[in-house]
Each structure stands twice: as C-alpha cells, then as structure tokens.
Amino acid sequence: MSEKQKIRTRFAPSPTGYLHIGGARTALFNWLFARHKGGRFILRIEDTDQLRSTEESTRAILDAMTWLGLNWDEGPFFQSQRVDIHRRMVKKLLEEGKAYYCTCAPEELEDKRKRALAEGRKPKYDGTCRERKLTKTAHAAVRFQCPDTGTTIVHDLIKGAISFNNDELDDLIIERADGFPTYNFAVVVDDALMEITHVIRGDDHVNNTPRQTLLYQALGYPVPRFAHVPMILGADKTRLSKRHGATSVMAYKEMGYLPEALVNYLVRLGWSHGDQEIFSLKELIEYFCLEAVGKSAAVFNQEKLLWLNQHYIKQCPEDRLVEEMMPFWKNLGLDPSDRKLARNVAIDLKERARTLQELADASVFYFQDEIAYAPEAAEKFLTAEAAGHLRAIADGISALTDYSKEGIEVFLRSFAGQRGMKLKFIAQPLRVALTGRTASPGIDDIMVTMGKDRVIRRIAKAVEHITRHRA
RNA sequence: GGUCCCAUCGUCUAGUGGUCAGGACGCUGGCCUCUCACGCCGGAAACAGGGGUUCAACUCCCCUUGGGACUACCA
C-alpha cells in the first residue's frame, strides 16, 4: 500500500434490522476517518443472508445514515448482487487446492459441536471432508482450508499486534450449500475489490480477522489495515441491546433528539480530544484520528446524551427549531400553523427542554383555547384573593400601551408595588391562570407570545373558575 | 470450556515515570430569580488486588481478580 494511496473506508451493515447505536458509531468513525484524510467512504449492504435480509431494513439504515448526515461517496453496493464474483473467487480457491467441497450435514456438525463442548474439547470442524476430494454435488458447501500450523498476526491500529495460532482456526465455510458466500468470505472479496484501505469495525470482529487475513493471502490480495473499536455496553456492562432501552437511531429521532447531539455523543464514546466535550462537525473532521480511540468498552449513558441534546437545542437557530418541532406538535394534535406563534413558543421554551418532545409537551398551553389547570396548582394559587388581583391585572393590561416584554415587566412590578406585594405573589397566580401550571417560561415572555387578547381572555377564564370553585 | 480483548471518580474520559490525578454528565451546597429551567461559583467522588523493574510508578513487565467479545452453511 503506497503512502499516496487514497484512504478508503466502508460501512457494511447487514439489513436485518434498523441501524442501531453501535452500528451508527462504527459508521461515524469510518466516515470521520475518511473525511479527515480526504478519502472516500463507501456504503455496502451485506445482504447475503437471503432469509434475514429485508428491503425495509436497507431503507431504514439508509434513512438513519442520512438523518445523521453520514453521506457516502460510493454505493450503496449490494453484496447479493456480487455473488457471481464471489463464486468465481471460490472456484479459484478450489482450483488452487485452497478450498474443498464439504458434504457434512449441518445437523451432524451441530451434534459434533455440542459433544465437543460437553467433553471440554474445542468445537472446531474435524476436517472430515478435507481429504475426500469431493466434486460439486447438490448440497455441498465449500470450505477454506486453513493452515494448521504457524501464527497469524493482526496489526490492529487501535489494539496493536494480536497474534493467533493457526491451529485455533478451523476450515470455515466460504460458500453455503445454497451457493451464496458466507460473511467471512464475501467481506474479504468485496473489501479487496473495492480497495478498502482501512477496515474500521466493531471489536466483536477481532476473532474473525485472522481467518480473513488468511483469506486475503490465499486470494493474493493485499491485507488492509484493521481498526477494531471497542463495544458499546448497556448499564449492566453487557453488549447494548433492546432490553437496555432504545437502540435504534431513528427511535432517538422520534424521541426528539437532534442528529448533531447523537453524533457528538457517539463520537465521545471511545474517542476523545483532550478535555473537549462539544464538537462541531467541522471540528470532528479536523481532529478525528484513530490514535485517540480508546481500547476499553464504553457504557451508553442516556443522561449525558440528554445534556448534549439540550445544548444543541439551545444552540439551534430558531427557524430550524420550528421545523424540527412540527412533527412533535402535530403528534400532540396541536395546530402550529401560525408560524409567528410557533416561532415564539420555540424561543420561549428552547432553554428549558432536553428533547423536542419535552419542548412540545411544555408548549401545549400556548396552542389550546381551553387550558386545564393542574389540580395542585389551582388549589394553591387560584384563590379568592388572587381573583381580585387577576381582575385588576386584566384591566391594567388592556389599558397597557407598551405591550412588550419590558412594558409588561414594568407594569407587573408597579402593580405589585402599589399593592405592597412582592412580584412573586402575583406572578404565580397569573402563571397558573395563563398556563395551568406552576412552572413555565417567564410570565412576560408568555404574555408577549400569547398576545394581549388571549391573555385577557385567559385571565377572565381563571377568574370565572375561581368564582365557580371558591367563594 | 477454548481463543482473543479490556481495566483512572457511578458513567464518558484526560494522563504517556516525578501532577494537590484534570475535564464532562449525573449527584450535591450556594448565587441569580416571577416559577421551572438556563447561567455562574463551590463540594463529594477514581488509579481493581498482589508481585516485580526503577531513586521514583496511574503510567513499564508478570500474576490474580473482574468484565466483555467470539466460538454458525448470521453478519
């Protein structure tokens, strides 16, 4: 591999489900590495498992990649459309005596494996068909003949040199009885033919790497550089899975996360750049390197993701935030078509929501004609005494000429002052009257966003409520 | 069972033989304040254990322990 050779990385998911968190980080690392080096990022769908692969999954994975902003330069290539190439390579190995047909029944193999395990022996293929010189028959699979002496060393960019005794490796199947290649073979052929220079993938593949190295060598291909990134674990330190909560990238979208938050969170799982926590995409591309990728597994921590998401919501330009909010508002049955209102609502709430869903939930009162009062809030603040103040405030507001944040603030303060009260004693009843809750954005912000008429109407409703329930 | 990988606060991590072991999330005390947030200031919190090597180990080596991955005609 010459130094001048362009870096080429790839992400090669199997379309047997959605894009999950771990896969997304692998894709991200590959993408960042390629972008940092000015190389190319290739997307290849590994769909040689005809039974489990689905088009919906492919679609879902592509959508998730797109949402995250991980654009690919080539592909998507489909491994299933390359089986003629794989078969040709299998044939080549067969002809060169580096592979052989195997007619052992899968059930029989499974049996032997179980027995070996039970007896404490290693469950590797016993080589029954190795010397039988079988020719092609209907249900024959093809096995690669692994050397049973010597060692294979994997030079991993993250973990360093890892050595394996070849006698630990068994004669793996490279072509199934159905004529389709298996993963370990197809991945080698495709990576080689697509001239992938750096294979960046999950740690769970390290044990496959020596066999793949042997395959590269048998096929006469240069061996790419490998970088095995550590796993992402759940809170119980086992491999992240559904039982740890949401693992689908798109589920995070639906829960109201911004893609840049997820990207920023994911990149910091295993990679770091000094003490920096917040990274723009530009910075990531500039700083990313494999040397700074750690060796140990990382636990997925929802709290930190929430913090980052909150950060990016605060950072989000208002117009984009409104766009991002639309599906969430609609889901709640709200009507956000008044663009100006929607925008002001987003501005009022962007500093107090960790997710878009939280923002939507907190914004309901802005859009409703009739609000519901939280029982404890009404109990505590919508009192007979408050009714008097509220009535006076409504009158004051309708006479208010400067209906702005500042004007309202001045009015409320002087109103409270005249009655010899602290602002808080009128702010809370007013807040409950306007929002139905005790926690909300600033009173003045709410009033400006809702508009004078609605505010007056809502205060009147609250007064009505009080006279009906108190007095 | 075998093979391989990993090991700094609860979590994500900085550290590359000599540091009061730093930052972030979370937790927590305070300030700000019309509530809730935001923001600001402070606090508690870690080098798994044992051997070496060295004048000196979080840092290098070995062992133990603990965790994880793989062990398919899945990828």
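Note that this is a predicted model, so its numbers are computed, not measured. Numbering of residues begins from 1 in every chain and follows the order in which that chain's sequence is written. Starting at A for chains and at 1 for ligands, labels are handed out in the order in which the entities are written. Local features in this predicted model are restricted to residues of pLDDT 70 or higher, and side-chain atom pairs are both shown and tallied only at a pLDDT of 80 or more, whereas totals for entire chains, interfaces and linings draw on every residue. Water and hydrogen atoms were dropped before computing side-chain values, which therefore reflect all heavy atoms in the structure.

**Structural notes on the overall build of chain A**
Then, number 1: Along chain A, the regular secondary structure elements total 19 helices and 12 strands.
Then, number 2: Every radius of gyration here is taken over C-alpha atoms, with the globule rule written as 2.2 Å times N^0.38, N being the number of residues. Relative to the 2.2 N^0.38 estimate, which gives 23 Å for 471 residues, the radius of gyration of chain A is 31 Å and therefore markedly larger than a compact globule would have.
Then, number 3: Summarising its shape, the C-alpha atoms of chain A cover approximately 100 × 50 × 35 Å along the three principal directions.
Then, number 4: Buried residues are those whose accessible area, probed at 1.4 Å on protein chains only, stays under 20% of the maximum for their type, while exposed residues exceed 50% and partly exposed ones sit between those limits. Taken across its 471 residues, chain A has 50% of its residues classed as buried.
Then, number 5: Considering only contacts in chain A between residues 6 or more positions apart, those separated by 24 or more positions represent 76%. Think of it this way: any DSSP run of H or I at least four residues long counts as a helix, any run of E at least two long counts as a strand, and we number them from the N terminus. Contacts were defined at the residue level, with two residues in contact if any of their heavy atoms lie within 4.5 Å.

**Here's the deal with the nonpolar core**
Then, number 1: The term nonpolar core refers to a set of buried residues drawn from Ala, Val, Leu, Ile, Met, Phe, Trp, Tyr and Cys, joined through side-chain atoms within 4.5 Å. Residues Phe300, Trp329 and Ile459 are the most contacted members of the largest nonpolar core, which totals 106 residues.
Then, number 2: Apart from residues no more than four positions distant in its own chain, tryptophan 329 is found in contact with Val322, Leu334, Pro336, Ala342, Val345, Leu359, Ala360, Ser363 and Phe367.
Then, number 3: Judged by nonpolar contacts, the second largest core, of 32 residues, contains Ile85, Val90, Leu214 and Ala218.

**Regarding the packing of aromatic side chains**
For any pair of aromatic rings, geometry is given as the distance between the ring centres together with the angle between the planes.
Then, number 1: Here a pair means two rings of Phe, Tyr or Trp (six-membered ring of Trp) with centres within 6.5 Å. Their orientation is stacked below 30 degrees between planes, edge-to-face above 60, and tilted elsewhere. Counting across every chain of the model gives 10 aromatic pairs.
Then, number 2: Where tyrosine 265 meets phenylalanine 300, the ring centres are 5.2 Å apart and the plane angle is 85°; that geometry is what we call edge-to-face. Within this pair, whereas tyrosine 265 is found in helix H8 (residues 259–267), its partner phenylalanine 300 is found in the loop between strand S12 (298–299) and helix H10 (302–315), the two being separated by 35 residues in sequence. Like phenylalanine 300, tyrosine 265 is buried.
Then, number 3: Either the NZ atom of lysine or the CZ atom of arginine qualifies as a charge over a ring when it sits within 6 Å of the ring centre and within 35 degrees of the ring normal. The side chain of arginine 87 reaches across the aromatic face of phenylalanine 180, ending 5.8 Å from its centre.
Then, number 4: The cationic tip of arginine 143 hangs over the ring face of tyrosine 125; the distance from NZ or CZ to the ring centre is 3.4 Å.

**Structural notes on helix H1 (residues 21–37)**
Then, number 1: To estimate how far a helix should reach, multiply one less than its number of residues by 1.5 Å. Helix length check: H1, at 17 residues, gives a terminal C-alpha distance of 24 Å against a target of 24 Å (1.5 Å per residue), a fit within 8%.
Then, number 2: The element H1 is largely enclosed, with a buried count of 14 among its 17 residues.
Then, number 3: Phi turns positive, to about 70°, at glycine 38, one or two residues after H1.

**Considering the confidence of the model for chain A**
Then, number 1: Taken as a whole, chain A shows an average pLDDT of 94; of its residues, 99% reach a score of 70 or greater.
Then, number 2: Here the prediction assigns the complex a pTM of 0.94, and the interface score ipTM is 0.95. Every residue carries a pLDDT, the predictor's confidence in it, which falls somewhere between 0 and 100.

**A short note on the protein's contact with RNA strand B**
Then, number 1: We call a residue near a molecule or strand as soon as one heavy atom of that residue lies within 4 Å of the molecule or strand. For RNA strand B, the set of nearby residues contains 61 residues, the closest of which are Arg176, Gly270, Arg352, Arg431 and Ser440.
Then, number 2: Those atoms of RNA strand B that come within 4 Å of the protein belong to sugar or phosphate at a rate of 72%.
Then, number 3: Two N or O atoms form a polar contact when they lie within 3.5 Å of each other; inside protein one atom must be a possible hydrogen donor and the other a possible acceptor, and for residues adjacent in sequence the pair counts only when both atoms belong to side chains. Between glutamate 351 and RNA strand B, the recorded distance is 2.9 Å, taken from a backbone N or O atom to a sugar or linking oxygen.
Then, number 4: The separation between a base nitrogen of RNA strand B and a polar main-chain atom of serine 440 is 2.5 Å.

**Some remarks on the pattern of salt bridges**
Then, number 1: Throughout this description, the term salt bridge denotes a Lys or Arg side-chain nitrogen within 4 Å of a carboxyl oxygen of Asp or Glu. The final tally for this structure, using the stated rule, is 40 salt bridges.
Then, number 2: One salt bridge in this structure joins aspartate 63 and arginine 59, with 3.3 Å as the shortest N-O distance. One end of the pair is aspartate 63 and the other is arginine 59, both in helix H2 (residues 55–68) and 4 residues apart, which spans about a single turn.
Then, number 3: On the accessibility criterion, arginine 59 (51% relative accessible area) is exposed.
Then, number 4: Linking aspartate 236 and arginine 243 is a salt bridge whose minimum nitrogen-to-oxygen distance equals 3.2 Å.
Then, number 5: Since its relative accessible area comes to 41%, aspartate 236 is described here as partly exposed.
Then, number 6: Using a relative accessible area of 60% as the deciding quantity, one classes arginine 243 as exposed.
Then, number 7: Beyond isolated ion pairs, a larger network of salt bridges with shared partners links Arg10, Arg44, Glu46, Arg82, Asp190 and Asp191.

**Side note on the sheet that holds strand S5 (residues 141–144)**
Then, number 1: Across the sheet, which stays open at both edges, the 3 strands sit in the order S4-S5-S8 with antiparallel pairing between neighbours. At either margin of the open sheet sits one strand with a lone partner, and together these are strand S4 (99–102) and strand S8 (173–175). Between one strand axis and the next, the sheet turns through 45° on average, direction left out of account.
Then, number 2: Between any two strands, at least two bridges found by DSSP are needed for them to pair. Note: S4 against S5, 4 bridges, orientation antiparallel. Of the residues in S5, the one forming a bridge with tyrosine 101 is valine 142. Axis definition: a line fitted to C-alpha atoms, over the contacting stretch in the case of helices. Angles run 0 to 180 degrees between N-to-C directions.

**A short note on the sheet that holds strand S2 (residues 40–45)**
The strands making up a sheet associate through hydrogen bonds between their backbones, and the pairing can be parallel or antiparallel.
Then, number 1: With parallel pairing, 3 strands are arranged side by side in an open sheet as S1-S2-S3. Two strands in the sheet have a free side with no partner beyond their single neighbour: strand S1 (8–11) and strand S3 (74–78). Neighbour-to-neighbour, the strand axes of the sheet open up by a mean angle of 25°, direction not taken into account.
Then, number 2: Across 4 bridges, S1 lies against S2 in parallel orientation. Within S2, the residue paired with phenylalanine 11 across the bridge is leucine 43.
Then, number 3: With respect to the sheet, H1 is in contact with S1 and S2, its orientation differing from that of S1 by roughly 165°.
Then, number 4: Seen against the sheet, H2 touches S1, S2 and S3 and runs at an angle of roughly 160° to S2.

**Some thoughts on H2**
Then, number 1: The terminal C-alpha atoms of H2, which comprises 14 residues, lie 20 Å apart, in line with the 20 Å expected from a rise of 1.5 Å per residue.
Then, number 2: Of all the residues in H2, the buried ones are Ser57, Thr58, Ile61, Leu62, Ala64, Met65, Trp67 and Leu68.
Then, number 3: Residues of H2 that are buried in the fold lie against S1, H1, S2, S3, helix H7 (249–254) and H8.
Then, number 4: The first or second residue beyond H2 is glycine 69, which carries a positive phi of 85°.

**As for the environment of leucine 28**
Then, number 1: Residue placement: leucine 28 occurs in helix H1.
Then, number 2: With near-sequence residues (within four places) excluded, leucine 28 lies in contact with Leu70, Val263, Leu266 and Val267.

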